[in-house]
Amino acid sequence: MIDNPQYKDRMARLEKWRLAGIDPYGRRVDGLISTEQARALHSPNLEDTPHDGGPQARVAGRITLLRDIGKLIFMTIADSSGRLQIGVAKQILGEKFTTAKLLELGDIAWFSGKIGHTKTGEITLWADDFGLATKALLPPPEKFHGLSDTETRYRQRYLDLMANPQSMEIFLARSQIVRDMRDFLHARNFMEVETPMMQSLAGGAAARPFTTHHHALDTDLYLRISPELFLKRLLVGGIERVFEINRNFRNEGIDTRHNPEFTMLELYEAYSDLAGMMELTQTLVAQLAKKRAETLHAKQPPPTPGASGLPQIHLPYGERVIDFTPPFIKKTYAELLWQSAQVDLLDPASIKAGAARHGLENARQADTDVLAGELFERLAEPALAALDQPVFVVDYPAGLCPLTRRNPQQPQLAERFELYVAGMELANAYTELNDPLVQEATFGNQLAGLKEEDSMARMDQDFVEALRYGMPPAGGLGIGIDRLVMLLTNCTSIRDVVLFPQLKPRS
């Protein structure tokens, strides 16, 4: 039994509903429209919509505000589309008015009636009938003035969605963004697929995987860290444009930009390359940002032509404004490394000297590409965070990119870009390596420097065999959907855009 006075009071109210012959947990309700649709039925001209004589509607939602003034009760109900005021008048409702007085905050109910307004112009549905859909036995958080406790918001997301309209708006926006991504790719003739989330080898990226055990097969399996190698197998099989919106799992740190499970868009296009992926990424991200800005009616400078002649696309992010107007900035890995660390990417001696100068451990013994990567993360990435535009970083050290085609003029560089926005890596793309001999050799070189627990410490021989049958030249791209939603909805923590983020268990 819950030791809560309000719970006991509500249990008593529950019995009153039952004594009135009403099921407090409701039944199917037909003919419902959303509160947003109901509000749209109201005429902008108040004279055309009398306070109780407008069009008929039926809505349902949770009671978030309630004001009882005797023979008239004003309520506000909320659904996923918004809020609507309900007027419950004894004069209109008749004998059922007494039963309506049993309703309280948090209850879910339906109401039918005419859409009108109050004397002050508030759009209102004047109820001529109603029904209880679900009796709430616990009161809503803080009487719906807002749930501000961060820990509770993440642990009990249902309360967050119930109490904070802005949270509901973020997740509705996320759903729309993912839908728009699918529409964009379908329009370009990409085929959506599903690949295994449990794999005997965790490959496609360098990360520590989560492990599980399949009892029937008596074998250890890994939760997917990337769908890359399976999607490339589909290129071999003849699916020339393929994508997956996938859940990935990496047994690594948790912070405002990292969650152990995260959502990615990953795609491959036969007969494309890095330049094709750059065009696709820029077009997709700019379109999504433009649509989001239009939806928000963001307060931004009047639209003026950017460098491309297109209107500028501005979105707020924290205390800054990000300009998503194409074309995005493009910088090479080498120039950024030189500007931040005074290190020449193509000179091993310069890299080792720079690593020692900046206090990196084992600077003399480590692979120079690995050292260059550590210097880049430590010194160049913070500089990228200061830019208020998306930045394509191109031409990565080949040793960091075992699945990527080499630059034919400079084999020590890989045909790869990463897209950074507000200092976050948002996208990663390659001209894909499709030479099985080179792929087997790069896998072998990489294995020599990995620890046993690393995801790529075992070679995926079946993938190499698939390449021997022939994979067409291709471009590949991954976009972090959680981070993209963060940027487009002005959320600076990944936990605000993941419905149920991973949290440390309560003691």
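My aim in this report is to walk through the structure given alongside it, one point at a time. Computed from a predicted structure; not experimentally measured. (Residues numbered from 1 in each chain as written. Predicted model: local features only at pLDDT ≥ 70, side-chain atom pairs only at ≥ 80, totals over all residues. Heavy atoms only, no water.)

Examining the pairing of strand β4 (residues 108-117)
Phase 1: Burial runs high along β4: eight of the 10 residues are buried.
Phase 2: Pairing of strand β1 (residues 56-68) with β4, which is carried by seven bridges, proceeds in the antiparallel orientation. The residue bridging Gln56 from the neighbouring strand is Lys114, located in β4.
Phase 3: Relative to strand β5 (residues 123-134), β4 runs antiparallel, the two sharing 10 bridges. If you follow Ser112 over to β5, its bridge partner there is Asp129.
Phase 4: Hairpin connection between β4 and β5: a loop of five residues separates the two successive antiparallel strands, and Gly121 in this loop has a positive phi of roughly 95°. (Buried < 20%, exposed > 50% of the residue type's maximum accessible area, 1.4 Å probe, protein only. Helix = DSSP H or I, 4+ residues; strand = E, 2+ residues; numbered from the N terminus. Pairing = 2+ DSSP bridges.)

A closer look at unusual backbone geometry
Phase 1: In this structure, the amide linkage connecting Pro326 to the following residue, Pro327, adopts the cis form with an omega of 0°.
Phase 2: As for its position among the elements, Pro327 is in the loop between β13 (320-323) and β14 (329-332).
Phase 3: Within the chain, Gln342 stands out as a residue other than glycine whose phi angle is a positive 50°.
Phase 4: In this structure, Gln342 sits in the loop between α10 (333-341) and α11 (348-357).
Phase 5: Given a relative accessible area of 43%, Gln342 falls into the partly exposed group.
Phase 6: In the Ramachandran plot, Asp395 falls in the positive-phi region, its phi being about 65° despite a non-glycine side chain.

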